[in-house]
Structure formats: C-alpha cells, structure tokens
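Listed here are the chains, written in short residue letters.
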Amino acid sequence: MFYSMENLAEVNLLIRYKSSASLEGIKIHKTADPAVIAAAQRLFDTGFITQIDGGYLTPLGAEAEEHAQSLLMMLNA
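Figured I'd write up the structure that's included with this text.

The rules behind the values
Residues numbered from 1 in each chain as written. Predicted model: local features only at pLDDT ≥ 70, side-chain atom pairs only at ≥ 80, totals over all residues. Heavy atoms only, no water. Pairing = 2+ DSSP bridges. Helix = DSSP H or I, 4+ residues; strand = E, 2+ residues; numbered from the N terminus. Patch = residues over 30% accessible without salt bridge, like charges linked within 9 Å, V, L, I, M, F, W, Y side chains within 5 Å. Areas by Shrake-Rupley, 256 points an atom, 1.4 Å probe, with all protein chains shown as cover. Salt bridge = Lys/Arg side-chain N within 4 Å of Asp/Glu carboxyl O. Buried < 20%, exposed > 50% of the residue type's maximum accessible area, 1.4 Å probe, protein only. Contact = heavy atoms within 4.5 Å. Core = buried A, V, L, I, M, F, W, Y, C linked by side-chain atoms within 4.5 Å.

Pairing within the open sheet is antiparallel, and its 3 strands lie in the order β1-β3-β2. Only two strands of the sheet have a single neighbouring strand rather than two, namely β1 (26-27) and β2 (49-51). Relative to strand β3 (residues 54-57), β2 runs antiparallel, the two being bridged by 2 bridges. For Q51, the partnering residue across the bridge sits in β3 and is G54.

On to a nonpolar patch on the surface, then. A grouping of Y3, M5, L8, L71 and L75 is seen on the molecular surface, where their side chains present a nonpolar patch of about 560 Å² in accessible area. Structurally, Y3 can be placed in the segment before α1 (5-14).

Two side chains with opposite charge may pair up if their charged atoms get near one another. Applying the stated criterion across every chain, the model contains 2 salt bridges. Among the ionic pairs, E10 bridges to R42, the shortest N-O distance being 2.4 Å. Of this pair, E10 sits in helix α1 while R42 sits in helix α2 (residues 34-45), and the two are 32 residues apart along the sequence. With relative accessibility at 15%, the residue E10 sits in the buried group.

Of the pairings in the sheet, the one linking β1 to β3 comprises 2 bridges and is antiparallel in character. Counterpart to I26 in the pairing with β3 is G55. Remark: 2 residues form the turn of the hairpin made by β2 and β3, two consecutive strands paired antiparallel.

By secondary structure assignment, the location of G25 is in the loop between α1 and β1. On the accessibility criterion, G25 (33% relative accessible area) is partly exposed. In this structure, the C-alpha to C-alpha distance between G25 and T50, residues 25 residues apart in sequence, is 9.3 Å. Beyond its immediate stretch of four places on either side in the chain, G25 contacts Y17, G55 and Y56.

Below, the discussion takes up the nonpolar core. Counting 14 residues, the largest nonpolar core has L13, L14, I28, A40, L43, I49 and L57 as its most contacted members. Broken down by secondary-structure element, the contributors of at least two residues to this core are α1, α2 and α3 (59-75). With 4 residues, the single largest contributor to this core is α2. Not counting the four nearest positions on each side in its chain, L13 is found in contact with I26, I28, V36, A39, A40 and L43.

Here it is in structure tokens:
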C-alpha cells in the first residue's frame, strides 16, 4: 500500500495545524490550491476537522496530526 496524492495532500494539511494541543484553527480560502480544498473536504467528511474550510482539529484529527508530525520529524532527522 502506498500514499496516494490525495493522502499526501491530507497529511500536508494536517501538519499545517500548529499542534494538537493548540486551540488555533486554520482557514482554507476559496482561492487556495484545488488539491488543498479537496483535502479539507475529505478531512471534514471523515471527521478529522470541524469545518469544510479548515476549522479546528477533532480528537481524531489531533491524533492524526500528532502521528503526522512524528513521522515528518523521523524522516527529516
């Protein structure tokens, strides 16, 4: 099994959140890259984020963000 381009876009969007402990959300503007907009839609549909255009991480999203950050740090070590 491999990461699809859609998976990578979702992971890249998750790591834009400052951290799972942060109460800061993000806003995806309608002029953003269509791949980012589509990733936000998929993350919203699967319960990782609270709004179709970003919002906040859900508990599931916070866990995924932590794992994504950890993997990124390991790969860039």
